[in-house]
Amino acid sequence: MASAALKRTTVSIEGYLELERESPVRHEYVGGQVYAMGGSSDRHNLVAGTLFNALFNHIAGRCQVYMADMRLRIALADGEVGYYPDVLVACDPADRASHHRERPVFLAEVLSPTTERVDRTEKLIAYRQIPSLEEYLIAEQDVARVELYRRSNGFEREVLEAGDVIRFASVGLELTVEQLYRHVAF
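Thresholds, definitions, all that
Residues numbered from 1 in each chain as written. Predicted model: local features only at pLDDT ≥ 70, side-chain atom pairs only at ≥ 80, totals over all residues. Heavy atoms only, no water. Disulfide = S-S within 2.5 Å. Helix = DSSP H or I, 4+ residues; strand = E, 2+ residues; numbered from the N terminus. Buried < 20%, exposed > 50% of the residue type's maximum accessible area, 1.4 Å probe, protein only. Arc of directions from axis to C-beta. Contact = heavy atoms within 4.5 Å. Pairing = 2+ DSSP bridges. Salt bridge = Lys/Arg side-chain N within 4 Å of Asp/Glu carboxyl O. Axes fitted to C-alpha atoms, helices over the stretch in contact; angles between N-to-C directions.

Inspection of every chain in the model, using the stated rule, returns one disulfide. Shown here is the disulfide that connects cysteine 63 with cysteine 91, its sulfur atoms set 1.9 Å apart. Between cysteine 63 and cysteine 91, the S-S torsion sits near 95°, and that sign places the bridge as right-handed. Linking cysteine 63 in the loop between helix H2 (42–59) and strand S3 (64–67) with cysteine 91 in the loop between strand S6 (87–90) and strand S7 (100–101), this pair joins segments that are 28 residues apart in sequence. Since its relative accessible area comes to 22%, cysteine 91 is described here as partly exposed.

Written out as structure tokens, the structure reads:
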């Protein structure tokens, strides 16, 4: 039995943005392709929520902090992408479109089995190209461990575990790994 090849339809960035305005499901956009986003686990939400809360309480009024539903729009050499980081911090008062941000200073992703490859490779590569981005945090959800990438050290990976302090230079916040994972039962 012969299998028919699936045709992929390329969508323009304008078509993607229109889809997102009307869709009850969030989608990410890469290279003209639209990918539906799945739900997340309780651990994922607890880690992302704790980080959001710490950042929001620390920098409210100076910057804007978003969790999950603020789209990040990135113009790359080979086209535009649209992602929904788990946590996004934007401080530029000129970066205030109603449905996306383009100049974040800090981004965070909480790993899940279905997103780990993309978060560690594709998104890391894309995020490094954002001129305003100072730090990118990747947090695991099944163990208390984070990876922090900083522009100031050429985006070299720093691994932090229990007993370590996470120093977010981009927003002037210090948080222990234990504080980040305090609501998660392993």
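Residues of helix H1 (residues 13–22) that are buried include every one of Ile13, Tyr16, Leu17 and Glu20, and no others. Considered in projection along H1, the buried side chains sweep an arc of 95° and stay on one side of the axis. Turned more than 90 degrees away from the buried face of H1 sit Glu14, Arg21 and Glu22, all of them exposed.

This next bit is on the environment of histidine 100. Within the element layout of this structure, histidine 100 appears in strand S7. Placed 43 residues apart in sequence, histidine 100 and valine 143 show a C-alpha to C-alpha distance of 31 Å. Residues within four places of histidine 100 in sequence aside, it is in contact with Met70, Arg71 and Arg73.

Here the focus is the pairing of strand S5 (residues 79–83). Bridging between strand S1 (residues 27–30) and S5 involves two bridges; their strand directions are antiparallel. Opposite tyrosine 29, over in S5, you have glycine 82 as the bridge partner. Two elements, strand S4 (residues 71–76) and S5, share five bridges in a ladder whose sense is antiparallel. Each residue of the ladder has a partner; that of arginine 73, found in S5, is glycine 82. Remark: two residues form the turn of the hairpin made by S4 and S5, two consecutive strands paired antiparallel.

What follows deals with the pattern of salt bridges. Scanning the model with the defined rule gives 15 salt bridges in all. Close ionic contact of glutamate 161 with arginine 145 constitutes a salt bridge, the shortest N to O distance being 3.0 Å. Taken together, the positions of glutamate 161 in strand S11 (residues 157–161) and arginine 145 in strand S10 (residues 145–150) put the pair 16 residues apart, joining distant regions of the chain. Since its relative accessible area comes to 26%, arginine 145 is described here as partly exposed. Salt bridges sharing partners connect three or more residues here, namely Glu116, Arg120, Glu140, Arg145, Glu147, Arg157 and Glu161.

Now for the side chain of threonine 50. By the secondary structure assignment, threonine 50 is in helix H2. Those residues in contact with threonine 50, other than ones at most four positions away along the chain, are Gln179, Leu180, Arg182 and His183.

What follows is about the sheet that holds S4. Ordered by their spatial adjacency, five strands build an open sheet running S2-S1-S5-S4-S7, and the pairing between neighbours is mixed. Each having just a single partner strand, strand S2 (33–36) and S7 make up the two edges of the open sheet. Bridge count between S4 and S7: two bridges; the pairing is parallel. Considered in S7, the bridge of leucine 72 is made with arginine 101. The strands that H1 touches are S1, S2, S4 and S5; relative to S1, the one it contacts most, it runs at about 175°.

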